[in-house]
Amino acid sequence: MSRRRRSSRIPRPHQHESARRSAHRTHSASDPAAGNPLVPMLRPALRDQDITAFWITAAPLIPLLAEDPGDLPAGVDLLQTFLDVDIAETTALLHVIAAMSPDEGFRQRARAALPTRRQPMPPQVTGLSAAAAGGATVFSDSQGDNLMIELVLPKAVRAVLITYIARDPLPYLKDAFVVGAPLRQVHADYRRIMARDGFTLDDVLEVLSPEQAGAALAEALEATPAGPEAADGGGEQWPMLRPFVEFVGDLLPAGGPGYDEDGWLVGSELRATLEDVEPEPDGLDPDEGRPPWILEDGTDLVVEFLASPQGRDLDGDDHAPPLVTFLFLVASGASGDPLGWTPELSEWVAAEMLPTNPVLSDEATQRAPAVLPALITWAHARTGTEEATTRAVLDVVRPLLEDLPARRSDPQIRARRLEENVEYALETADPDALRYADLAMRVGGDEELDQLDDTPLPTEPLQLEDVPEDLHPTLREIDDHLVRDLDRVAADHPEQDSVFGDEFRTACRRLLTRIARRDPAVLRRRASTRITAGAIAWTVGRGNDLVGHPPAPARASALLGAFGITGSPSQRAETLTRAAAMPRSPIGVALGDPGLLVSAARQRLVRTRDRLAERA
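A quick note: this is a predicted structure, and the numbers were derived from the prediction, not measured.

Student: Explain the packing of aromatic side chains to me, please; I cannot follow it from the model alone.
Tutor: Aromatic ring pairs are reported here in terms of the distance separating the ring centres and the angle at which the planes meet. A full pass over the atoms with the stated rule returns six aromatic pairs. Judged by centre distance (6.2 Å) and plane angle (50°), the rings of phenylalanine 244 and phenylalanine 247 are tilted. Here phenylalanine 244 pairs with phenylalanine 247, and both are found in helix 11 (residues 242-251), just three residues apart, close to one helical turn. Like phenylalanine 244, the residue phenylalanine 247 is buried in the burial classification. Note on phenylalanine 328 and tryptophan 378: the rings are 6.3 Å apart at their centroids and 70° apart in plane angle, and the pair reads as edge-to-face. Of the two residues, phenylalanine 328 is situated in helix 14 (residues 320-335) and tryptophan 378 in helix 17 (residues 368-383); the sequence distance between them amounts to 50 residues. Given the relative accessible area of 0%, phenylalanine 328 is considered buried. Classification of tryptophan 378 by relative accessible area gives buried; the value is 5%. Connected via pairs of aromatic rings, a cluster forms that spans Trp55, Phe244 and Phe247. In this arrangement the basic side chain of arginine 109 is found over the ring face of phenylalanine 106, its NZ or CZ atom lying 5.9 Å from the centre.

Student: What is the right way to look at unusual backbone geometry in this model?
Tutor: Glycine aside, residues mostly have negative phi angles, and peptide bonds mostly take the trans form. Cis peptide bonds are those with omega within 30 degrees of zero, and the linkage from aspartate 168 to proline 169 qualifies with 5°. Between tryptophan 238 and the following residue, proline 239, the backbone shows a cis peptide bond with an omega angle of 10°. Structurally, the position occupied by proline 239 is in the loop between helix 10 (210-222) and helix 11. With phi around 60°, alanine 156 is a residue other than glycine that occupies positive phi space. Mapping alanine 156 onto the fold places it in the loop between strand 2 (144-153) and strand 3 (157-166). Although it is not a glycine, aspartate 545 adopts a positive phi angle of roughly 55°. As for its position among the elements, aspartate 545 is in the loop between helix 25 (529-543) and helix 26 (556-562). A residue is classified by how much of its surface remains accessible, and aspartate 545, at 35% relative accessible area, is partly exposed.

Student: When you look at the sheet that holds strand 4 (residues 172-179) in this model, what are you seeing that I'm missing?
Tutor: Either a parallel or an antiparallel arrangement is found when strands of a sheet pair, and the pairing is made through backbone hydrogen bonds. Across the sheet, which stays open at both edges, the five strands sit in the order 4-3-2-1-5 with antiparallel pairing between neighbours. In this open sheet, the two edge strands, each paired with only one partner strand, are strand 4 and strand 5 (205-208). Averaged over all pairs of adjacent strands, the angle between strand axes in this sheet comes to 25°, irrespective of strand direction. With four bridges joining them, strand 1 (residues 132-141) and strand 5 adopt antiparallel strand pairing. Directly across from valine 138, in strand 5, lies its bridge partner glutamate 206. Sitting on the sheet, helix 10 is in contact with strand 1, strand 2, strand 3, strand 4 and strand 5, with an inclination near 55° to strand 3.

Student: Any chance you could explain the confidence of the model for the protein chain here in plain terms?
Tutor: Parts of the model with low pLDDT should not have their predicted coordinates read in detail. In the predicted model, the protein chain carries a mean pLDDT of 83, and 87% of its residues have values of at least 70. The secondary-structure element of the protein chain with the lowest mean pLDDT is helix 1 (residues 3-8), recorded at 31, while helix 24 (residues 502-518) shows the highest, at 96.

Student: Explanation requested: helix 24 in the structure shown.
Tutor: For helix 24, which comprises 17 residues, the first-to-last C-alpha distance of 24 Å matches the rise-based estimate of 24 Å (1.5 Å per residue) to within 8%. Burial of helix 24 is extensive: 13 of the 17 residues sit out of reach of the surface.

Student: Explanation requested: the pattern of salt bridges in the structure shown.
Tutor: Pairing between side chains of opposite charge can happen when their charged atoms approach one another. Tallying each qualifying case throughout the model produces 26 salt bridges. A salt bridge links aspartate 485 to arginine 488; the nearest nitrogen and oxygen atoms lie 2.5 Å apart. Pair noted here: aspartate 485 and arginine 488 are both in helix 23 (residues 472-492), with a separation of three residues, about one helical turn. Since its relative accessible area comes to 35%, arginine 488 is described here as partly exposed.

Student: What exactly am I supposed to notice about the nonpolar core here?
Tutor: Within soluble globular proteins, side chains that are nonpolar tend to cluster in buried spots. Among the nonpolar cores identified, the biggest contains 60 residues, and Phe54, Trp55, Ile97, Phe244 and Val245 are the most heavily contacted of them. The leading source of residues in this core is helix 6 (residues 88-100), at seven residues. Every residue in contact with tryptophan 55, bar those within four places of it in the chain, is listed here: Gln124, Leu128, Leu151, Leu153, Ala159, Val178 and Phe244. Phe504, Val547, Met582 and Leu591 belong to the second largest nonpolar core, which has 54 residues in total.

Student: Looking at this structure, I do not really get helix 17. What am I missing?
Tutor: Along an α-helix, a turn takes 3.6 residues, which lines up residues three or four apart on a common side. In a regular helix each residue adds 1.5 Å, so 16 residues correspond to 22 Å; helix 17 covers 22 Å between its end C-alpha atoms and thus fits that length. Within helix 17 the residues assigned to the buried category are Ala368, Val371, Leu372, Pro373, Ala374, Leu375, Ile376, Trp378, Ala379 and His380. Contacts from the buried residues of helix 17 go to helix 13 (301-307), helix 14, helix 15 (343-356), helix 16 (362-366), helix 18 (387-402) and helix 19 (404-409). Positive backbone phi, approximately 75°, marks glycine 384, located one or two places after helix 17.

Reading the values: rules and limits
- Residues numbered from 1 in each chain as written.
- Predicted model: local features only at pLDDT ≥ 70, side-chain atom pairs only at ≥ 80, totals over all residues.
- Heavy atoms only, no water.
- Phe/Tyr/Trp six-rings, centres within 6.5 Å; stacked < 30°, edge-to-face > 60°.
- Helix = DSSP H or I, 4+ residues; strand = E, 2+ residues; numbered from the N terminus.
- Buried < 20%, exposed > 50% of the residue type's maximum accessible area, 1.4 Å probe, protein only.
- Lys NZ or Arg CZ within 6 Å of the ring centre and 35° of its normal.
- Pairing = 2+ DSSP bridges.
- Axes fitted to C-alpha atoms, helices over the stretch in contact; angles between N-to-C directions.
- Contact = heavy atoms within 4.5 Å.
- pLDDT = per-residue confidence, 0-100.
- Expected span 1.5 Å × (residues − 1).
- Salt bridge = Lys/Arg side-chain N within 4 Å of Asp/Glu carboxyl O.
- Core = buried A, V, L, I, M, F, W, Y, C linked by side-chain atoms within 4.5 Å.

In structure tokens:
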């Protein structure tokens with residue numbers, strides 16, 4: 001049996017996730033929690049015999065309770081709604097909050113309330129406060145690692161967190177779920193599953209030290225955005241389970257080796273066996289079979305169209321044939337017929353596909369207002385479609401094509417193209433193509449990546465031109481927090497003085513003013529200017545690989561602590577980055593603009609770009 005087949009058949013976590021119950025019950029008007037829509041979710045999970053059921057149900061509520069106060073109505077305190085209702089379900093939730101919330105204030109409030117609660121609780125709930133990490137093992141394939149960490153609670157409660165950490169373009173958490181069984185039983189289950197396919201788990205299983213397991217999980221989590229853009233591995237529990245995963249990660253010691261620059265666990269004994277195994281691509285090979293613009297009788301539709309009366313004016317235009325070929329591919333993929341230009345397909349291509357598609361060059365897209373109407377007219381004539389239908393389609397399509405240059409240049413659409421480019425690279429199953437697409441997303445595009453150098457950013461004051469005048473005081477206040485609190489980081493951590501210097505402050509100010517110009521409403525909310533400043537600094541730090549797990553030079557806790565932020569700023573940061581039209585990366589933070597990258601980050605990106613170019 002070939003190595004390629006062996007690796008590709010290793011099961012991944014989301015392929016063997018146990019089902020969980022989701023029964024719902026109604027409540028009478030006398031129920032003290034009848035008005036709380038979350039209690040019907042918590043009640044069956046608390047009574048479930050599966051020890052993981054309540055963790056899985058309660059974990060997604062943690063970020064909900066920590067929602068940015070600026071996004072809530074005045075006076076709303078989500079946590080207080082659970083403190084005020086003294087029933088078993090809210091008591092159990094307070095145990096989870098006391099153990100898992102990243103906000104120290106929330107943890108303290110939950111702990112303070114628990115001594116007054118009298119409802120009996122199962123050991124998997126009360127034991128969270130005394131939980132510890134047990135053994136850690138990993139088995140890998142050519143694309144990533146199945147990391148398994150045992151969770152040990154009092155009264156013989158055992159569970160295993162199983163994560164799949166994808167390797168490219170850098171290690172990130174693609175999937176996670178928890179199983180209510182000891183690690184040895186999970187190993188036995190995998191042995192049985194793999195044996196049915198003719199494989200042996202022990203050939204690929206490696207034991208990790210707690211320090212290395214902690215480092216690997218921490219690196220993967222830091223590269224995986226929280227919120228709607230989090231990578232979805234197709235399982236039922238991820239990414240909703242993230243607070244539980246972070247909780248388990250916090251139980252592991254720090255300081256171990258994690259991943260190297262190529263995305264492999266440091267010291268992996270199986271790397272030499274696996275890294276030359278090519279993954280089997282998903283879907284069909286686009287190079288196999290007859291292309292859709294070649295008919296069974298050998299007719300080339302591209303040639304026929306360009307020679308027709310409708311396409312004759314495009315003869316000699318070098319960008320027209322690639323665009324026509326692309327449009328045939330789109331029509332064939334959507335309807336199975338390269339000539340099937342229905343009203344719905346035509347409108348979708350003009351309004352959505354052409355502005356956001358990352359494959360077409362700008363030059364080819366610029367020809368679309370001339371090419372697409374001619375192609376639709378020709379295809380309808382060739383298939384005998386009524387002229388009235390053709391006119392109706394063109395009446396819809398032409399205004400959209402006139403608006404195409406403006407839509408394609410819109411910053412939000414540009415961000416979508418960068419995101420689509422990463423998705424396209426993922427489909428190729430080519431690690432180097434994926435890494436290159438990720439680099440392009442981080443700097444704003446292929447052209448920006450090709451031209452990137454390591455020139456330092458200049459020292460700039462806060463630029464308020466074109467910023468609404470009513471926001472000037474707010475921006476100055478945010479800038480004051482940036483200056484004062486970044487100085488505090490340097491004072492408390494002298495070794496990081498150069499990390500958060502003039503270049504870094506320039507990048508923060510540029511991001512702040514971009515937000516103010518693009519979507520000033522987000523800065524008019526009630527959110528604290530100090531928290532906004534911290535979220536901007538955290539975003540710029542993460543986007544420059546300056547903040548996070550080593551080898552990043554600064555810990556997030558050191559940066560955020562200077563701004564007085566005890567929890568995660570990810571929710572406020574998500575609001576701000578959406579306003580700034582930054583692309584949503586499935587891993588890490590993509591600033592999408594070389595003007596926000598400091599020289600140290602530029603140097604790393606240039607080295608990676610050049611290394612990929614040499615390999616290509």
